[in-house]
Amino acid sequence: MNQATLEKQKEYAKTAASHAYNRYSNFAVGAALSLKDGRLIPGCNVENASYGLTNCAERTAIYAAIAQGIKPEQFAAMTIYMPGDKLYSPCGACRQVIAEFFPANAKVHATCDAEHTQSWRVDELLPGLFSLP
Ligand code: THU
């Protein structure tokens, strides 16, 4: 993915983060799920008073895409935005869900408020994933 495309996806994910329901952590996460046709699907974290029920931005984007009738075959990449100057990687639960829907060689890109970014292949994020035959 070129720099301009990544920058566009970062801005999209950052806007999605502004929609976060994050009253417990006050940490706003956004995701931009990119499709092969260039469309972007937004996701943000949605928290709950029963903390374990919180849904991360990455999973929100994936589930929203599926609910819209978009097939996983159309999924291209995922860009996440987390606030601050530090880069974070997706949580373990999101890695399993990302691995369910994306090919092993698809890319996940982490962005933040600083310039730097980090990218992983899906199979780098979750080697030896659980999958049923
Ligand atoms: N969070 C995400 O949305 N994605 C991740 O990959 C890690 C964490 C959210 C969950 C919670 O609402 C907040 O960040 C703090 O953990």
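Residues numbered from 1 in each chain as written. Predicted model: local features only at pLDDT ≥ 70, side-chain atom pairs only at ≥ 80, totals over all residues. Heavy atoms only, no water.

A. Summary view of the site of the ligand. If you check the shell around the ligand, you find S25, F27, V29, N45, E47, T54, C56, A57, E58, M82, P90 and C91 and nothing else. Between the ligand and the protein, one listed contact pairs an oxygen atom with a side-chain N or O atom of E47 at 2.4 Å. A57 is positioned such that a nitrogen or oxygen atom in its backbone is 2.9 Å from an oxygen atom of the ligand. Within the complex, 78% of the 370 Å² of free accessible area of the ligand lies under protein. (Near = heavy atom within 4 Å. Polar contact = N/O pair within 3.5 Å; in protein donor to acceptor, adjacent residues only side chain to side chain. Areas by Shrake-Rupley, 256 points an atom, 1.4 Å probe, with all protein chains shown as cover.)

B. Molecular detail of the pairing of strand 1 (residues 30-35). The buried count for strand 1 comes to six of six residues, which makes it a mostly enclosed element. Along strand 1, one buried face is formed by G30, A32 and S34 and the opposite face, lined by A31, L33 and L35, is buried too. Judged from the five bridges that link them, strand 1 and strand 2 (residues 40-44) form a sheet pairing that is antiparallel. Counted as the bridge partner of A32 is P42 from strand 2. Here strand 1 hands over to strand 2 after four residues, with G38 in that stretch at a positive phi of 95 degrees. Here strand 1 pairs with strand 3 (residues 75-81) via six bridges, running antiparallel. Looking across to strand 3, one finds that A32 is bridged to T79. (Buried < 20%, exposed > 50% of the residue type's maximum accessible area, 1.4 Å probe, protein only. Helix = DSSP H or I, 4+ residues; strand = E, 2+ residues; numbered from the N terminus. Pairing = 2+ DSSP bridges.)

C. View of the pattern of salt bridges. Across all of its chains, the model carries three salt bridges by this definition. Salt-bridge contacts for R39 lead to D37; the nearest nitrogen and oxygen are separated by 3.0 Å. Of the residues examined, D37 reaches a relative accessible area of 48% and is grouped as partly exposed. For R121, the salt bridge identified is with D123, shortest N-O distance 2.8 Å. On the accessibility criterion, R121 (32% relative accessible area) is partly exposed. For D123, a relative accessible area of 31% translates into the label partly exposed. (Salt bridge = Lys/Arg side-chain N within 4 Å of Asp/Glu carboxyl O.)

D. Molecular detail of helix 1 (residues 3-17). In a regular helix each residue adds 1.5 Å, so 15 residues correspond to 21 Å; helix 1 covers 21 Å between its end C-alpha atoms and thus fits that length. Listing the buried residues of helix 1 in full gives L6, Q9, K10, A13, A16 and A17. Looking straight down helix 1, one finds that the buried residues subtend no more than 120 degrees of arc, so they occupy a single side. Facing away from the buried side of helix 1 by more than 90 degrees, the exposed set consists of A4 and K8. Where the residues of helix 1 are buried, they touch strand 1, strand 2, strand 3 and strand 4 (107-111). Measuring from the backbone nitrogen of A4 back to the side-chain oxygen at the start of helix 1 gives 3.1 Å, which picks out N2 as the cap. (Expected span 1.5 Å × (residues − 1). Arc of directions from axis to C-beta. Contact = heavy atoms within 4.5 Å.)

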